[in-house]
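Notes for the structure review
Here's the letter readout for the chains.
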Amino acid sequence: GEDITRNLDFVEGINKTLPTDFPKNIEIRGEVFMKKNIFEELNKKRKMQGLSLFSTPRNAAAGSIRQLDPEIARDRKLSFYGYTIIGDKEFFGDSLNKIREILLKYNFSLNQPSKLCKSLEEMIKFYEEVSNIRNLLDYDIDGIVYKLDSIEEQKKLGESNRWPRWALAHKFPAEN
């Protein structure tokens, strides 16, 4: 519930001005995160200063973005990946894949890898592919989130109190 608006000015990957042809009322959803190399650098500095270390990049990013002082968010070099836009269906289309295409067209930072799968077999194969390369990514991930592509079908399934019924997390085994 904190107001983090001022801190977002210092997050890499967040467009500060939207394209002029974008609809006026939109909501861009995504995640603020800390790249692995930034996390390691931050913990080295904290250790040299005798400060406690952050346990994970996710904890470091969450704590950093919620700071009252925007300079802390700037110094911690946070990044952002967009996931979706809630807005004018006429402009953004009727599927998550079309929304991602628009976000890429307008130079928004998106999490990769990503794939539109057409079968359960493709989904499992993609999960295995990403599991095999996750240590090569510049950010930490703990699994894949499968999402229903159709916005209309998403609306039909709705949401529970805690999560959308049209998305399912498939976690990776813990890394050693």
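Structure shown above.
Reference entry: report on the structure contained in this document. (Residues numbered from 1 in each chain as written. Predicted model: local features only at pLDDT ≥ 70, side-chain atom pairs only at ≥ 80, totals over all residues. Heavy atoms only, no water.)

1. Describing the overall build of the protein chain
What counts, and what does not: Numbering of helices and strands runs from the N terminus, with a helix taken as a DSSP run of H or I at least four residues long and a strand as a DSSP run of E at least two residues long. Relative accessibility under 20% of the residue-type maximum defines a buried residue, over 50% an exposed one, and the middle range a partly exposed one, all with a 1.4 Å probe and only protein chains included. Note on definitions: a residue-residue contact is assigned when non-hydrogen atoms from the two residues lie within 4.5 Å. Here the accessible surface of atoms and residues is derived via Shrake-Rupley with a 1.4 Å probe, and residues count as covered only by protein chains that are part of the display.
Helix and strand counts for the protein chain stand at eight helices and four strands. With the C-alpha coordinates of the protein chain rotated into their principal frame, the extents come out at 50 × 40 × 30 Å. Counting across all 176 residues of the protein chain, residues that qualify as buried make up 32%. In the protein chain, once contacts between residues fewer than 6 apart in sequence are set aside, the share between residues at least 24 apart is 64%. By element, 51% of the accessible surface of the protein chain is carried by carbon and sulfur atoms, the whole surface being about 11900 Å².

2. Details of the layout of surface pockets
Which entries qualify depends on this criterion: Throughout, the protein atoms alone are placed on a 1 Å grid, and a set of points is a cavity if a 1.4 Å probe fits but cannot get out or a pocket if it is open with protein on both sides within 12 Å along at least five of seven lines; lining residues have an atom within 4 Å of a point. Grid points are joined across faces, edges and corners, and a volume is the space filled by probe spheres set on the points. Side-chain classes follow a simple rule in which Ala, Val, Leu, Ile, Met, Phe, Trp, Tyr, Cys and Pro form the nonpolar group, Asp, Glu, Lys and Arg form the charged group, and the remainder, Gly included, forms the polar group.
Approximately 390 Å³ is the volume attributed to the second largest pocket. Counting residues per element, the ones that place at least two in the lining of the second largest pocket are β1 (27–33) and α3 (57–65). Per element, the largest residue contribution to the lining of the second largest pocket is five residues, and it comes from β1. Tallied by class, the residues present in the lining of the second largest pocket amount to eleven nonpolar, three polar and four charged.

3. Notes on the pairing of strand β2 (residues 79–86)
Applied cut-off: Whether two strands pair comes down to DSSP finding at least two bridges between them.
Among the eight residues of β2, six are classified as buried, and the element is accordingly described as predominantly covered. Looking at chain direction, β1 and β2 are connected through seven bridges and run antiparallel. Within the sheet, the bridge partner assigned to G30 lies in β2 and is G82.

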